[in-house]
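Chain by chain, the residues run as shown.
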Amino acid sequence: MDFNMKKLASDAGIFFTRAVQFTEEKFGQAEKTELDAHFENLLSRADSTKNWTEKILRQTEVLLQPNPSARVEEFLYEKLDRKVPSRVTNGELLAQYMSEAANELGPETPYGKTLIKVGETEKRLGAAERDFIHSASINFLTPLRNFLEGDWRTISKERRILQNRRLDLDACKARLKKAKAAEAKAALWSDEVDKAEQELRVAQTEFDRQAEVTRLLLEGISSTHVNHLRCLQEFVESQATYYAQCYRHMLDLQKQLGRFPGTFVGNTEPASSPLSSASLATAAATIPVVPTVAGMPSAGEAAISLDDVAPPASGTRKARVLYDYEAADSSELALLADELITVYSLPGMDPDWLIGERGNRKGKVPVTYLELLS
């Protein structure tokens, strides 16, 4: 009991001494040991890293989950170390509503068929969004949180210890200064001077040791930047994959909607291409054009007799297939991602399409599914 009381009294005395030293420094009544310029730069860099990591983390959370109530719920589950319940994405919920509406309004009607097709695509978009959120959370958000809740807490703890060591050191310097002043006035050697010098040596040693520990941790911020850079690249990669999936799903949907008779009643204009018409026209202009074959129906007529179409003698181009493509009818050519095919254009042909050949098979192929090779 006596030992505990003495320890509490000692701790209280140290705390009081530090508080006095800190207050006197604020009022300019006490000297303060300054850290070197390099150390101050490390501190500033660490603070900036922490502040911007917090802002980027919070805004990424908003990007992935715009609903603040849902974010609070996920935060509470994480703090309670419980699994976050699976949540239906907005796209999946919209798909569900469209499917139910189609069943009630008539799945065989043009409107019902369109609802079903759009709903299927919205479901795919929702699944792609779920995969993106999962990937971004693991590869980007989690490392940022680990830094703030792990490395940064350690750095903050050691910085607080260093601050206390500095206050102890400056308090010892002040006591030694006072003891020497008292000794000079008394004109005799004082034990207080010896005691103050010993305390100063101990305080200086502890301060130097703690300063080195803190410096090493602060220099580790460079490794943190390298790690965050890698995580950022993975975040961009997953986001690019997500948007590419969305683009591919919407291209397929746009193509399917164009085949429904009466889907766009009163709209005689063709649906706009996801890519600008100018860019598609530029791409198509570089494709060799087959001369018009006598007796062959024009592009504006009902069909093109592909059996009568021969590739140009020279100037055909190779193209790499970007995505799988399922042929809608016998006039189109099914595609597999990464395969190479030969392509060329026909006079008056829709710039969104080309003629593709693979072996002894040929058919129309969409330009947006191809990478034209030089």
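Refer to the preceding data block for the structure.
This write-up is about the structure you can find in this document. Not measured: the values here are computed from a predicted model.

1. Some words on the overall build of the chain
Alright, step 1. Counting secondary structure elements, the chain contains eight helices and five strands.
Alright, step 2. Starting at the N terminus and ending at the C terminus, the chain contains elements arranged as α-α-α-α-α-α-α-α-β-β-β-β-β.
Alright, step 3. Taking all 374 residues of the chain together, the buried fraction comes to 32%.
Alright, step 4. By sequence separation, contacts in the chain at least 24 residues apart represent 69% of the contacts at least 6 residues apart.
Alright, step 5. Here the chain has roughly 23,400 Å² of accessible surface; of this, 56% comes from carbon and sulfur atoms.

2. Let's talk about the packing of helix H2 (residues 37-64) against helix H6 (residues 191-219)
A pair of packed helices is characterised by two quantities: the angle between their axes and the separation of those axes.
Alright, step 1. Where H2 meets H6, the axes come as close as 9 Å, and the angle between the chain directions of the two elements is 50°. On the basis of their axis angle, the class for H2 and H6 is oblique. The handedness of the crossing between H2 and H6 is left-handed. Mapping the contact onto sequence places His38, Phe39, Leu42, Leu43 and Ala46 in H2 and Ala211, Thr214, Arg215, Leu218 and Glu219 in H6.
Alright, step 2. Of the residues contributing to the contact of H2 with H6, the split by class is six nonpolar, two polar and two charged.

3. Quick notes on the pairing of strand S3 (residues 353-358)
Alright, step 1. Burial analysis of S3 places five of its six residues in the buried class, the great majority of the element.
Alright, step 2. Bridge count for strand S2 (residues 340-344) against S3 is three bridges, and the pairing is antiparallel. Bridge pairing in S3 places Tyr344 opposite Ile355.
Alright, step 3. Note: S3 against strand S4 (residues 361-366), six bridges, orientation antiparallel. In the strand pairing of S4, Trp353 is matched with Pro366.
Alright, step 4. In sequence, S3 turns back onto S4 through a hairpin of two residues, with Gly359 there showing a positive phi of about 65°.

4. Some details on the packing of aromatic side chains
By convention here, two paired aromatic rings are described through the distance between centres and the angle between planes.
Alright, step 1. Under the defined criterion, the tally for this structure stands at eight aromatic pairs.
Alright, step 2. Centre to centre, the rings of Tyr242 and Tyr243 are 5.2 Å apart; their planes meet at 40°, and the pair counts as tilted.
Alright, step 3. Among the aromatic side chains, those forming a connected cluster through ring pairs are Phe132, Phe140, Phe235, Tyr242 and Tyr243.
Alright, step 4. Here Lys55 stacks its cationic end above the ring of Trp52, 4.5 Å away from the centre of that ring.
Alright, step 5. Sitting over the face of the ring of Trp353, Lys364 holds its NZ or CZ atom 5.5 Å from the ring centroid.

5. A few points about the pattern of salt bridges
Opposite charge on two side chains makes pairing possible when the charged atoms of those side chains draw close.
Alright, step 1. Applying the stated criterion across every chain yields a total of 16 salt bridges.
Alright, step 2. Between Glu54 and Lys50 there is a salt bridge whose closest N-O contact spans 3.4 Å. Here the residue Glu54 and the residue Lys50 both occupy positions in helix H2, the gap between them amounting to four residues, near one helical turn.
Alright, step 3. Exposure remark for Glu54: the relative accessible area of 24% places this residue in the partly exposed category.
Alright, step 4. Residue Arg320 is joined to Asp338 by a salt bridge in which the shortest nitrogen-to-oxygen separation is 2.9 Å. Highlighted residues: Arg320 in strand S1 (residues 317-321) and Asp338 in the loop between S1 and S2, separated in sequence by 18 residues.
Alright, step 5. Ionic contacts of the salt-bridge type, sharing partners, join the residues Asp36, Glu212 and Arg215 into one network.

6. Considering the sheet that holds strand S5 (residues 370-372)
Alright, step 1. Taken in spatial order, the five strands make up an open sheet running S4-S3-S2-S1-S5, and their pairing is antiparallel. Since the sheet does not close on itself, it has two edges, and those belong to S4 and S5, each with one partner. Taken over all neighbouring pairs, the strand axes of this sheet differ in orientation by 40° on average, direction set aside.

7. Points about the nonpolar core
Alright, step 1. Membership of the largest hydrophobic core comes to 34 residues, with the highest contact counts inside it found for Phe39, Phe132, Phe140 and Leu218.
Alright, step 2. Going through the elements one at a time, H2, helix H5 (110-186), H6 and helix H7 (221-257) are the ones with two or more residues in this core.
Alright, step 3. Residue contributions to this core peak at 16 residues, all from H5.
Alright, step 4. Apart from the residues within four sequence positions on either side, Leu218 is in contact with Phe39, Leu42, Leu43, Ala46 and Ile155.
Alright, step 5. Core analysis: the second largest hydrophobic core is formed by 19 residues, Val321, Tyr323, Trp353 and Val367 among them.

8. Some remarks on unusual backbone geometry
Alright, step 1. One non-glycine residue, Asp338, lies in the positive phi region at around 80°.
Alright, step 2. A relative accessible area of 54% places Asp338 in the exposed class.

9. Details of helix H4 (residues 90-105)
Alright, step 1. Its 16 residues give H4 an end-to-end C-alpha distance of 22 Å, which sits within 8% of 22 Å, the value for a rise of 1.5 Å per residue.
Alright, step 2. Two residues or fewer after H4 comes Gly106, characterised by a positive phi angle close to 120°.

What counts and how
- Residues numbered from 1 in each chain as written.
- Predicted model: local features only at pLDDT ≥ 70, side-chain atom pairs only at ≥ 80, totals over all residues.
- Heavy atoms only, no water.
- Helix = DSSP H or I, 4+ residues; strand = E, 2+ residues; numbered from the N terminus.
- Buried < 20%, exposed > 50% of the residue type's maximum accessible area, 1.4 Å probe, protein only.
- Contact = heavy atoms within 4.5 Å.
- Areas by Shrake-Rupley, 256 points an atom, 1.4 Å probe, with all protein chains shown as cover.
- Axes fitted to C-alpha atoms, helices over the stretch in contact; angles between N-to-C directions.
- Parallel < 35°, antiparallel > 145°, perpendicular 65-115°, else oblique.
- Left-handed = near helix turned anticlockwise from the far one by under 90°.
- Nonpolar A, V, L, I, M, F, W, Y, C, P; charged D, E, K, R; others polar.
- Pairing = 2+ DSSP bridges.
- Phe/Tyr/Trp six-rings, centres within 6.5 Å; stacked < 30°, edge-to-face > 60°.
- Lys NZ or Arg CZ within 6 Å of the ring centre and 35° of its normal.
- Salt bridge = Lys/Arg side-chain N within 4 Å of Asp/Glu carboxyl O.
- Core = buried A, V, L, I, M, F, W, Y, C linked by side-chain atoms within 4.5 Å.
- Expected span 1.5 Å × (residues − 1).

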